[in-house]
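# Close look at the chain arrangement
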Amino acid sequence: MTSTPGSASPTDATTTPRSELRRFARPVRWVHRTTSALMLVCIASAACLYVPQLAELVGRRYLVVTVHEWSGVLLPAPVLLGLASRALRADLGRLNRFAPYDRAWLRSALRRDGSPRTAGKFNGGQKVYAGWIAGAALVMLGTGLLMWFTHLAPLVWRTSATFIHDWLALAVGIVVAGHIGMAVGDPEARRGMRTGWVGRGWARREHPRWPDEE
């Protein structure tokens, strides 16, 4: 949405046009951006370590390893810091509640039969993605620490950790790519994460049960 000089800013809840709805508070957007940046650095550095062509192109393997390790260790930090925000805690609570209509949303999405789908502030797919990526990040952090600090566990544990870490990293890369693809296909959802505001028409169409959760 564009504004002329002197017009009301959409950040002012008292002067926001009635066609706009506040979707994400600033702390939520900050957590999403910083977590996304750290995740992308993790994925990019991992690719540079495991894809020979990229490894040769980038070089400086020790630096890439260091960047990968620290971006992985810091990955949970934005969420942990963001827990000070009531808005983030409320959104995490919504993501953690799975209602019957979320299951119906997933069944419809899997069948792709065009049947009506209903959702709260987050749809069933977003809830599954959030839970899966959070669990995967914790597993990646644990196995990564075993690989980094070799004295923490016997060789068989480190070997298993390496196997899990490598294959789960591939799965994370694929899932994150799918997430980005879904975002590219929904400009209004991207605007909501970028500015914090979405159109009420979009909200009624994509998340009709959202007001019921407030």
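Scoring rules and cut-offs
- Residue numbers here run from 1 along each chain, matching the order of that chain's written sequence.
- It should be noted that, the model being predicted, local features are given only for residues of pLDDT at least 70 and side-chain atom pairs only at 80 or more, the latter also being counted only at that level, while totals for whole chains, interfaces and linings use all residues.
- As a rule here, side-chain values cover all heavy atoms of the structure and leave hydrogens and water aside.
- Helix numbers and strand numbers start at the N terminus; a helix is a DSSP run of H or I with at least 4 residues, a strand a run of E with at least 2.
- Throughout this description, buried means an accessible area under 20% of the type-specific maximum (1.4 Å probe, protein chains only), exposed means over 50%, and partly exposed covers the range between.
- What sets the accessible areas is the Shrake-Rupley method with a 1.4 Å probe; for residues, cover comes only from the shown protein chains.
- Throughout, nonpolar core names a set of buried Ala, Val, Leu, Ile, Met, Phe, Trp, Tyr and Cys residues whose side chains join them through atoms within 4.5 Å.
- The contact definition used throughout considers only heavy atoms, calling two residues in contact when any of these lie within 4.5 Å.

### Points about the overall build of the chain
- What the chain contains, in helices and strands, is 11 helices and two strands.
- Reported as C-alpha extents along the three principal axes, the dimensions of the chain are approximately 60 × 45 × 35 Å.
- Every one of the 214 residues in the chain was classed for burial, and the buried ones make up 29%.
- For the chain, the computed accessible surface area is about 13500 Å², with 66% contributed by carbon and sulfur atoms.

### Some thoughts on the nonpolar core
- Judged by nonpolar contacts, Leu38, Met39, Leu75, Ile133, Ala136, Met140, Leu168, Val172 and Val176 together constitute the single largest core of nine residues.
- Broken down by secondary-structure element, the contributors of at least two residues to this core are helix H1 (26-50), helix H7 (124-148) and helix H8 (155-184).
- Sequence-distant contacts of leucine 75, defined by excluding residues within four places in its chain, comprise Thr35, Leu38, Met39 and Ala137.
- In this structure, Phe24, Val31, Leu88 and Phe122 belong to the second largest nonpolar core, which totals six residues.

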